[in-house]
Amino acid sequence: QVQLVESGGGSVQPGGSLRLSCAASGIMFSLYTMGWYRQAPGEQRELVATITGSLRTNYADSVKGRFTISSDNANNTVYLQMNSLKPEDTAVYYCNADLTIATMNVDNYWGQGTQVTVSS
């Protein structure tokens, strides 16, 4: 049974920081591209950042220089360090595990989401 369990969300003032964690179980973690996505009310879910098993990272332009994605393959956990938070970062943040081989998506899983609210 695959589980992605997020933690670390909460409320913070603009300019503050939060660190999200996603603990994965039931998958061969190092084979998957792990990612963080977010969805604000009334908006579509959007990519925030991804990291491959070989630690190659990708970021949305809106978070470059402020957010850092990292992973701990020994503990099957992916992190999202969020600094200099802005009100527009307010959203539900979702962890994602994706296995794509030669452009064919083989597996894809989502966590339950964690709320991040940035407000003064």
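Here the structure is a predicted model, which means the values were calculated and not measured.

Conventions adopted
Residues numbered from 1 in each chain as written. Predicted model: local features only at pLDDT ≥ 70, side-chain atom pairs only at ≥ 80, totals over all residues. Heavy atoms only, no water. Pairing = 2+ DSSP bridges. Helix = DSSP H or I, 4+ residues; strand = E, 2+ residues; numbered from the N terminus. Axes fitted to C-alpha atoms, helices over the stretch in contact; angles between N-to-C directions. Phe/Tyr/Trp six-rings, centres within 6.5 Å; stacked < 30°, edge-to-face > 60°. Buried < 20%, exposed > 50% of the residue type's maximum accessible area, 1.4 Å probe, protein only. Lys NZ or Arg CZ within 6 Å of the ring centre and 35° of its normal.

Novice: What is the right way to look at the sheet that holds strand β7 (residues 67–72) in this model?
Specialist: By way of backbone hydrogen bonds, the strands of a sheet pair with one another, either parallel or antiparallel. Taking strand neighbours across the sheet as the criterion, the four strands line up as β1-β3-β8-β7 in an open arrangement whose pairing is antiparallel. Of all strands in the sheet, those with a lone pairing partner are β1 (3–7) and β7, marking the two edges. Across this sheet, the average inter-strand angle for adjacent strands is 15°, counted without regard to direction. Direction of pairing for β7 relative to strand β8 (residues 77–82): antiparallel, over a ladder of six bridges.

Novice: I'm lost on the packing of aromatic side chains in this one. Help?
Specialist: A ring pair, where both rings are aromatic, is described by two values, the distance of the centres and the angle of the planes. Within the structure shown, the criterion is met by two aromatic pairs. Look at Y37 and W110: their rings are 5.1 Å apart centre to centre, the planes differ by 70°, and that puts the pair in the edge-to-face class. With a gap of 73 residues between them, Y37 in strand β4 (residues 33–39) and W110 in strand β10 (residues 104–110) connect regions that are remote in the sequence. Ring centres of Y94 and W110 lie 6.4 Å apart, and the angle between their planes is 90°; this geometry places the pair in the edge-to-face category. Linking Y94 in strand β9 (residues 91–101) with W110 in strand β10, this pair joins segments that are 16 residues apart in sequence. Judged by its relative accessible area of 39%, W110 is partly exposed. Each member of the aromatic cluster is reached from another via a ring pair, and the members are Y37, Y94 and W110. One Lys or Arg, R19, reaches over the ring of Y79 and ends 4.0 Å from the middle of that ring. Across from the ring centre of Y94, 3.7 Å away, lies the NZ or CZ of R45, which sits over that ring.

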